[in-house]
Amino acid sequence: GAVVSQHPSRVICKSGTSVKIECRSLDFQATTMFWYRQFPKQSLMLMATSNEGSKATYEQGVEKDKFLINHASLTLSTLTVTSAHPEDSSFYICSATDATNEKLFFGSGTQLSVL
Amino acid sequence: QKEVEQNSGPLSVPEGAIASLNCTYSDRGSQSFFWYRQYSGKSPELIMFIYSNGDKEDGRFTAQLNKASQYVSLLIRDSQPSDSATYLCAVTAYGGSQGNLIFGKGTKLSVKP
């Protein structure tokens, strides 16, 4: 089945630094990629939707200047958490659909801890 | 605001029993309904999806949808300890793509050997 690779799986950083998370579709072209955030014991919250070659669409309440999303190719999207703060500590998950948009494939997630 | 409600549990069932997980949603226009299983610290994996009213069976899993009652459930027959996980109900908003899912907080299932 389709595979979405997400890297890194875990990152610990100091407050004020920036962290980049990569999401790759390994065996299909991901026309659309999605970024979610999940706090402990909470549901997944969609942060933004990105289409290859265009600007990401952010959900209400998500700061686009803080969470930079780049979807430069059909197989790669990146999320950069700029000037991270402890409240940004969360589980970040990417997902992708192919051109059929029939199934959603999730990456393995990134646990971000900001000290 | 569109919402998906689930009992957080934990729901505890003995091995071999039927586990019944329930979900209600607020957007009457929702068209697609999904059940995901999520192990601690891992990303969700799709268990079942259902679009039409009624039952849909896949192995030990049965999804049930009642759009009039805005209710969707997941039955797990012959529950196994490996089924212990958090089960997330998700629905698409009306006109939304599959990626634009609204997730419930999940029900934690514990299957006791």
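As a reminder, the structure under discussion sits directly above these lines.
These numbers come from a predicted model, not from an experiment. (Residues numbered from 1 in each chain as written. Chains lettered and ligands numbered in written order. Predicted model: local features only at pLDDT ≥ 70, side-chain atom pairs only at ≥ 80, totals over all residues. Heavy atoms only, no water.)

Novice: What's the story with the sheet that holds strand 1 (residues 4-6) of chain B in this structure? I'm lost.
Specialist: The strands that make up a sheet pair up through hydrogen bonds in the backbone, lying either parallel or antiparallel. Residues and elements named next belong to chain B. Read across the open sheet, the 5 strands follow the order 1-3-8-7-6; overall the sheet is antiparallel. Of all the strands in the sheet, the pair left with one neighbour each is strand 1 and strand 6 (54-58). Strand-to-strand twist of the sheet, defined as the mean angle between neighbouring strand axes without regard to direction, takes the value 20°. In terms of strand pairing, strand 6 meets strand 7 (residues 61-66) through 5 bridges, oriented antiparallel. Across the sheet, the residue bridging to Asp 55 is Gln 64, located in strand 7. (Pairing = 2+ DSSP bridges. Helix = DSSP H or I, 4+ residues; strand = E, 2+ residues; numbered from the N terminus. Axes fitted to C-alpha atoms, helices over the stretch in contact; angles between N-to-C directions.)

Novice: Before we go on, may I ask you to explain unusual backbone geometry in this structure?
Specialist: A cis amide bond links A:His7 to the next residue, A:Pro8, at an omega of 0°. Tracing the sequence through the fold places A:Pro8 in the loop between strand 1 (4-7) and strand 2 (10-13). Put simply, B:Gly9 and B:Pro10 share a cis peptide bond, and its omega is 15°. In this fold, B:Pro10 is placed in the loop between strand 1 and strand 2 (11-14).

Novice: What am I meant to see in the side chain of A:Arg37 here?
Specialist: Residues and elements named next belong to chain A. In this fold, Arg 37 is placed in strand 4 (residues 32-38). An unpaired buried charge is present at Arg 37: no salt bridge exists, and Asp 88, the closest side chain of opposite charge, is 4.7 Å distant. Arg 37 has contacts with Ser 43, Leu 44, Met 45, Met 47, Phe 67, Ser 90, Phe 91 and Tyr 92, leaving out every residue within four places of it along the chain. (Buried < 20%, exposed > 50% of the residue type's maximum accessible area, 1.4 Å probe, protein only. Lys, Arg positive; Asp, Glu negative; His and termini not counted. Salt bridge = Lys/Arg side-chain N within 4 Å of Asp/Glu carboxyl O. Contact = heavy atoms within 4.5 Å.)

Novice: What's the story with the interface of chain A and chain B in this structure? I'm lost.
Specialist: Size of an interface, as often reported, equals the accessible area lost when the parts are brought together. Between chain A and chain B, the residue contacts involve 18 residues of the former and 16 residues of the latter. For the pairing of chain A and chain B, the buried interface totals around 1,400 Å² over both sides, and the portion due to carbon and sulfur atoms is 56%. When residues of chain A are sorted by the area they lose upon contact with chain B, A:Leu44, A:Leu104 and A:Phe106 head the list and together hold 30% of the total. Linking chain A with chain B are 0 salt bridges. Listing elements by their share of the side of chain A that touches chain B, those giving two or more residues are strand 4 and strand 9 (90-97) of chain A. It is strand 4 of chain A that provides the largest number of residues to the side of chain A that touches chain B, a total of 3 residues. Of the residues in the side of chain A that touches chain B, the class split is 8 nonpolar, 7 polar and 3 charged. (Buried area = accessible area lost by both parts, 1.4 Å probe. Nonpolar A, V, L, I, M, F, W, Y, C, P; charged D, E, K, R; others polar.)

Novice: Whenever I open this one, the nonpolar core confuses me. Can you help?
Specialist: Nonpolar side chains in soluble globular proteins tend to end up buried together. In this structure, A:Val4, A:Trp35, A:Phe67, A:Leu79, A:Tyr92 and A:Leu112 are the most contacted members of the largest nonpolar core, which totals 25 residues. Going through the elements one at a time, strand 2, strand 3 (19-25), strand 4, strand 5 (45-51), strand 7 (67-73), strand 8 (76-81), strand 9 and strand 11 (110-114) of chain A are the ones with two or more residues in this core. Sequence-distant contacts of A:Leu79, defined by excluding residues within four places in its chain, comprise A:Val19, A:Lys20, A:Ile21, A:Trp35, A:Phe67, A:Leu68, A:Ile69 and A:Tyr92. Counting residues in each nonpolar core, the second largest holds 24 residues, with B:Phe61, B:Leu65, B:Ile76 and B:Val91 among its members. (Core = buried A, V, L, I, M, F, W, Y, C linked by side-chain atoms within 4.5 Å.)

Novice: Whenever I open this one, the state of the cysteines confuses me. Can you help?
Specialist: Covalent bonding between the sulfur atoms of two cysteines is what defines a disulfide. Taken as a whole, this structure holds 2 disulfides over all chains when the rule is applied. Note that A:Cys23 is cross-linked by a disulfide to A:Cys94, the S-S spacing being 2.0 Å. Disulfide A:Cys23-A:Cys94: torsion about the S-S bond near 80°, hence right-handed. Placement of A:Cys23 in strand 3 and of A:Cys94 in strand 9 is noted, with a sequence separation of 71 residues between them. Of the two residues, A:Cys23 and A:Cys94, neither departs from the other in class, the shared state being buried. Here B:Cys23 pairs with B:Cys89 through a disulfide, and the sulfurs are 2.0 Å apart. (Disulfide = S-S within 2.5 Å.)

Novice: How do you make sense of the packing of aromatic side chains when you look at a structure like this?
Specialist: Two aromatic rings, taken as a pair, are described by how far apart their centres are and by the angle between their planes. All names here are of chain A. Throughout the structure, instances matching the rule amount to 11 aromatic pairs over all chains. Taken together, a centroid distance of 6.4 Å and an interplanar angle of 40° make the contact between Phe 67 and Tyr 92 tilted. One end of the pair, Phe 67, is in strand 7; the other, Tyr 92, is in strand 9, with 25 residues separating them in the sequence. Like Tyr 92, Phe 67 is buried. (Phe/Tyr/Trp six-rings, centres within 6.5 Å; stacked < 30°, edge-to-face > 60°.)

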